[in-house]
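So the chains spell out like this:
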Amino acid sequence: MNTSTLQERYVNFYTDFAFKKLFGTEVNKDLLISFLNSLFDGKEVIEDLQYLNVEHLGHAIAERKAVFDVYCKNDKGEKFLIEMQKAEQSYFIDRSIYYSTFPIQEQAPKGKWNFELKRVYTIGILNFTFNEKDPNYMHHEVKLMEINKKEIFFDKLTYIYLEMPKFRKEESELVTVLDKWLYAMKNLDTLLERPKALQDAVFKRFFDQAEIANFTAEEQYDYRESQKDFWDLNNVIDTAEKKGFEKGIIESARNMIKAGVDKQTVINALNLTPEIIKEL
């Protein structure tokens, strides 16, 4: 039995169940509003949100269906797609942009229209990194830009990506409300009590809603199933990475041997395991 599970007080934010319970339910709407306002830092102020249908079909039956994690709009009609990504995917950015076209196209009313659009925000909370060039740059905000002038060309379409593994602040380093949200989200399942830096009323609500002991029996079951899915995904990723690493080691060892290096020297130099040695 996993002893860490026995001590677990709060949910793992990166599970589907936890993310949708904390940010995707009407009863916890205030939590999402607080997070989004901290993310926009005054550039956008959200007073209320209305949750929308997360499943969208294209105009033709053959068009693929888009399923959003959390989809909502504010009182100005601006749309927000909030996605939690547990693992890196091929063409992740392409997928993100494709999904953003649905809330754009659905703005077209029946009858005449002058094509004026409401703002659309796509927000990705990522449990992986996609940009290794700067290990400390984790908060990306992307808009359409006029390249030569280096000016924003169209400000109604915004993509925000948070590379959560790059957020490394300790509790004593938390300054902004966004710092506090990122810290709470990233460390939630490892905490045994609410940190002193997170004593604001909204974080009291967040931790109360995230406490497993407060769940109904059905919610506890659903969370455990979601948690298993999260573990299974991590195991698949770890296995794939290990196989990729082993493949590279084997190829390097074979090349060294072909170049005339003594096999035992290669084994000792690369500290090869018996399983890899069999493949040489």
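Residues numbered from 1 in each chain as written. Predicted model: local features only at pLDDT ≥ 70, side-chain atom pairs only at ≥ 80, totals over all residues. Heavy atoms only, no water.

Digging into the overall build of the protein chain
Scanning the protein chain for helices and strands turns up nine helices and eight strands. Taken over the C-alpha atoms alone, the protein chain extends approximately 75 × 50 × 40 Å along its principal axes. Taking the intrachain contacts of the protein chain between residues at least 6 apart in sequence as the baseline, contacts between residues at least 24 apart amount to 58%. Distance between charge centres in the protein chain, computed from 39 positive and 47 negative side chains, equals 3 Å. (Helix = DSSP H or I, 4+ residues; strand = E, 2+ residues; numbered from the N terminus. Contact = heavy atoms within 4.5 Å. Lys, Arg positive; Asp, Glu negative; His and termini not counted. Charge placed at Lys NZ, Arg CZ, Asp CG, Glu CD.)

Concerning the side chain of glutamate 8
Along the chain, glutamate 8 falls in the loop between α1 (3–7) and α2 (16–23). Within the structure, glutamate 8 has its side chain in polar contact with the side chain of tyrosine 223 (distance 2.9 Å). Separated by 2.9 Å, the side chains of glutamate 8 and arginine 224 make a polar contact. (Polar contact = N/O pair within 3.5 Å; in protein donor to acceptor, adjacent residues only side chain to side chain.)

Re empty space enclosed by the protein
Rolled over the atoms, a probe sized like a water molecule indicates the empty space that remains. The full count for this structure, using the stated rule, is one cavity of 30 Å³ or more. Considering only enclosed or pocket space, the largest cavity measures out at about 60 Å³ in volume. Broken down by secondary-structure element, the contributors of at least two residues to the lining of the largest cavity are β5 (79–85), α4 (92–105) and β6 (120–126). If one sorts the elements of the lining of the largest cavity by residue count, α4 sits on top with four residues. Per-class residue counts for the lining of the largest cavity are four nonpolar, four polar and two charged. (1 Å grid on protein atoms, 1.4 Å probe; cavity = no way out; pocket = protein on both sides within 12 Å on 5 of 7 lines; lining within 4 Å. Points joined across faces, edges and corners; volume = space filled by probe spheres on them. Nonpolar A, V, L, I, M, F, W, Y, C, P; charged D, E, K, R; others polar.)

Some words on the pairing of β6
The buried count for β6 comes to seven of seven residues, which makes it a mostly enclosed element. Alternating positions in β6 separate into two faces, Val120, Thr122, Gly124 and Leu126 on one and Tyr121, Ile123 and Ile125 on the other, with burial throughout. Bridge analysis of β5 against β6 gives seven bridges, and the strand direction is parallel. Counterpart to leucine 81 in the pairing with β6 is threonine 122. (Buried < 20%, exposed > 50% of the residue type's maximum accessible area, 1.4 Å probe, protein only. Pairing = 2+ DSSP bridges.)

Section: the pattern of salt bridges
Inspection of the entire model under this criterion finds 19 salt bridges. Across the pair arginine 224 and glutamate 8 runs a salt bridge whose closest N-O atoms are separated by 2.9 Å. Here arginine 224, found in helix α7 (residues 217–258), pairs with glutamate 8, found in the loop between α1 and α2; they are 216 residues apart in sequence, far enough to count as distant. For glutamate 8, a relative accessible area of 15% corresponds to the buried category. (Salt bridge = Lys/Arg side-chain N within 4 Å of Asp/Glu carboxyl O.)

In short, geometric facts, not functional conclusions.
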